[in-house]
Amino acid sequence: MKKFIKVMKALSDPTRVKILKMLQRRRMCVCEVQAALGTAQSTASKHLKILEESGLIMSFKDGTWVNYCLSDGSQSPYAASLIGNIKHWLDGEPEIRDLIKKLPDIRREEICKS
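(A) Just the overall build of the protein chain, in detail. Of the regular secondary structure elements, the protein chain holds seven helices and two strands. Ordering the α and β elements of the protein chain from the N terminus gives α-α-α-α-β-β-α-α-α. Computed over its C-alpha atoms, the radius of gyration of the protein chain comes to 14 Å, within 12% of the 13 Å expected for a compact globule of 114 residues. With respect to the three principal axes, the spread of C-alpha positions in the protein chain is 45 × 35 × 20 Å. Sequence separation of 24 or more characterises 63% of the internal contacts of the protein chain that already satisfy a separation of 6 or more. Surface summary for the protein chain: the accessible area is close to 6,600 Å², and the carbon and sulfur share equals 53%. The average position of the 20 basic charges and that of the 13 acidic charges among the side chains of the protein chain differ by 4 Å.

Cut-offs and rules
Residue positions are given per chain, counting from 1 as you read along its sequence in written order. pLDDT decides what is reported in this predicted model: residues at 70 or higher carry local features, side-chain atom pairs at 80 or more are listed and counted, and totals for whole chains, interfaces and linings draw on all residues regardless. Hydrogens and water are ignored here; the side-chain numbers use all heavy atoms of the structure. Only runs of H or I of at least four residues qualify as helices and only runs of E of at least two qualify as strands under DSSP, and these elements are numbered from the N terminus. We compute the radius of gyration from the C-alpha atoms alone; for a globule the expected value is 2.2 Å times N to the 0.38, where N is the number of residues. We call two residues in contact when some of their heavy atoms are within 4.5 Å. All accessible-area figures derive from a Shrake-Rupley calculation using a 1.4 Å probe, and residue coverage is judged against the displayed protein chains alone. Only four residue types enter the tally: Lys and Arg on the positive side, Asp and Glu on the negative side; His and the chain ends are excluded. Every charge is mapped to an atom, namely NZ of Lys, CZ of Arg, CG of Asp or CD of Glu.

So, in structure tokens, the structure goes:
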């Protein structure tokens, strides 16, 4: 039951749902998530940590970058089920649509100048 509650709590925040919708389109680093949402880096990092701990997303290192992407669901059957469903949910919502439109213009190389 603990895994179920952890996944449901992770999805109870609109910002975290937005992050999942962005990550279904492409992998992103913290600075890209921050830029897309217009939040502080600490806030973006906190949301990413909660999503990762719930098994909904995973991170991997690529040189100096830490990338985030949707999980394969292997940590939790609840996460797996919701990841599969959320791909089909909310695309028509204006907030999600507007956020997804911004993604092609958000590039880590320009944000972080690294």
